[in-house]
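The primary structure of each chain is shown beneath.
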Amino acid sequence: MNQYRFLILIIFAYSLNLFAGEDESKELSYRVEAFGSLSTGKHTPFWIVSHTWGMVPLDANNGYLRGGIFYNQHITKDWNYSLGLDVAVSTPQTSRNAAWVQQLYGELNWKQFLRLNIGTKEDYTSLLDKNLSTGDMDFSQNTRPAPEIKISIPSFLAIPGTKDFLYFKGDMSVGWFMDGDYHEGTAKPYGKDYMTRILSQHKSLYFRIGNIEKAQPFQFIFGLDHQAQWAGYYYQNGMEYNIANGDLWNDFIDTFFAKEGGSNSILTDALYASGSSIGNYLLKLDYRAKDKSILSIYLSHFFEDDSGMKWQNAKDMLLGIQYKSPKKGALLTGALLEYMYMRDQSGPIHFNIAMDESHQSLSKYGFGMDDYYNNAIYVQGQSYFGRTRGNPLFLGPEYNTNGYQGFMSNRILAFHGGIEGSFSPDIEYRALLTYAETLGRYNIPYTEKKKGVSGVIDLTYHLPKVEGLDLKFSIGSDYGKYFDDHNFGFAFTVRKKGILLK
């Protein structure tokens with residue numbers, strides 16, 4: 001399959017070259033990276049393994065090697081395209097592949113206003129801070145990228161006629177999950193249910209009022225993000241069930257608009273909504289001071305169904321405040337505090353709409369027990385290769401030891417902080433510290449509350465005499481039952497980037 005995708009990209013690149021003029025510019029770059037870590041517990045410390053695009057193995061005492069080559073070319077003044085190939089090997093491999101293609105993509109841009117992506121790419125689109133936040137509730141950089149076809153407006157674009165007052169951005173994509181072998185390998189030996197060949201959808205739309213880059217003191221961002229899993233094959237007790245309703249186009253439309261499925265749908269799709277959907281409202285206010293530092297406050301509201309969309313789970317939120325300094329190389333260039341509460345989930349009661357007629361009237365009173373990140377059919381929930389696609393404080397199925405493919409814990413309370421800056425022009429640091437506690441799930445609660453603390457300190461040295469060479473040292477620790485183990489460990493990364501042709 002990978003060979004065919006690579007062939008398509010070559011043909012894609014060649015066809016674009018047919019339109020290139022004599023004055024086109026091009027660049028061929030590379031990146032190589034080696035990573036290794038040692039830990040006292042059975043797992044790599046949480047903040048060393050999280051938000052690494054699924055690269056760092058969870059099992060303690062691990063390492064990986066990766067190398068990538070990337071090509072960018074301008075076709076005309078307004079058009080450019082890029083290609084990327086990035087491969088990796090790791091140990092221990094557990095039930096994952098020992099070697100895999102991390103990135104393989106083609107990208108076409110028009111004026112940086114419109115973009116088309118085909119393939120797998122580490123494409124961070126969240127408006128939350130990539131280095132300091134616990135992570136976006138819908139999609140963070142916590143898992144390997146999945147292959148997709150995506151069209152997007154990647155940067156905020158001024159709406160004509162609003163005099164630089166109102167802006168928008170958004171994206172829409174269709175993709176597919178390639179972790180079926182992983183689920184079969186981890187679930188089947190324990191007789192657990194699992195799914196393969198799942199398709200995905202994603203769309204977002206954000207608006208911004210104001211522009212702090214144009215000397216305005218405030219800007220306000222609000223918008224919606226929605227993603228869904230659909231189609232696929234469900235395996236239970238050795239039996240295979242095709243979840244698609246026989247018409248992929250109708251399935252796509254029903255899932256896109258979160259509509260109930262048709263008469264051929266499985267029961268859960270017919271009663272509720274097609275596929276497995278999650279979404280997120282984001283409200284963010286930015287203030288730019290006279291010294292050009294930026295202070296932001298944001299609220300991320302998560303939902304999984306109609307009750308959440310109507311804010312019946314209003315207590316559940318990711319609330320953050322952040323400071324960014326314009327001074328590069330300063331001792332403090334960024335600081336962030338976050339509060340997460342995910343225990344309400346629209347309440348502890350859910351009256352099924354398929355109840356008998358004498359109890360139907362109760363259905364309008366019980367919309368709760370949303371069971372975040374889990375789904376009755378898409379049993380792996382919001383995960384990819386066992387790792388959480390959204391906020392990693394929802395510990396993914398990779399942590400399970402019994403073959404269960406879902407999330408064991410989602411009723412979470414957490415406090416989180418992070419800072420970053422520079423000790424010198426060549427030495428940068430980052431520090432994260434998180435306190436979290438969980439009650440398990442409404443329908444399968446823990447017998448006692450699980451608590452834990454996790455932290456990490458990263459030091460990155462940019463070698464001044466060797467351009468593009470970075471050395472990174474990380475020391476991290478987990479304490480308490482929340483993170484499933486007491487872990488203390490450190491990691492070392494060597495990364496080299498450079499230009500081969502320009």
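The following paragraphs examine the structure supplied in this document. Please read all numbers here as calculations on a predicted model, not as lab measurements. (Residues numbered from 1 in each chain as written. Predicted model: local features only at pLDDT ≥ 70, side-chain atom pairs only at ≥ 80, totals over all residues. Heavy atoms only, no water.)

Enumeration over the complete set of coordinates arrives at 23 salt bridges. Here Glu27 and Lys502 are joined by a salt bridge, their closest N and O atoms 3.9 Å apart. Placement of Glu27 in strand S1 (residues 26-39) and of Lys502 in the segment after strand S23 (487-501) is noted, with a sequence separation of 475 residues between them. Arg441 is the partner of Asp371 in a salt bridge, and the nearest nitrogen-oxygen pair spans 2.7 Å. (Salt bridge = Lys/Arg side-chain N within 4 Å of Asp/Glu carboxyl O. Helix = DSSP H or I, 4+ residues; strand = E, 2+ residues; numbered from the N terminus.)

The next thing to look at is the sheet that holds strand S12 (residues 239-242). Read from one edge of the open sheet, three strands run S8-S11-S12, paired in antiparallel fashion. Either end of the sheet is taken by a strand with one partner, and the two such strands are strand S8 (194-196) and S12. With strand direction ignored, the average angle separating the axes of adjacent strands in the sheet is 30°. Bridge count for strand S11 (residues 233-236) against S12 is four bridges, and the pairing is antiparallel. In the sheet register, Tyr235 faces S12, and the bridge partner there is Glu240. (Pairing = 2+ DSSP bridges. Axes fitted to C-alpha atoms, helices over the stretch in contact; angles between N-to-C directions.)

Here the focus is helix H4 (residues 248-256). Restricting attention to buried positions, one finds in H4 the residues Asp251, Phe252, Asp254, Thr255 and Phe256. Turning to H4, the residues buried within the fold contact strand S7 (166-176), strand S9 (199-209) and strand S10 (218-230). (Buried < 20%, exposed > 50% of the residue type's maximum accessible area, 1.4 Å probe, protein only. Contact = heavy atoms within 4.5 Å.)

With that settled, consider the nonpolar core. Formed by 41 residues in total, the largest nonpolar core has its most connected members in Met340 and Phe394. Within the residue set of this core, elements represented by two or more residues are helix H2 (46-49), strand S13 (276-288), strand S14 (294-303), strand S16 (334-341), strand S19 (412-424) and strand S20 (427-440). For this core, the leading source of residues is H2, giving four residues. Excluding residues within four positions of it along the chain, Met340 makes contact with Thr134, Met137, Met317, Leu318, Asn391, Leu393, Phe394, Ile412, Leu413 and Ala414. (Core = buried A, V, L, I, M, F, W, Y, C linked by side-chain atoms within 4.5 Å.)

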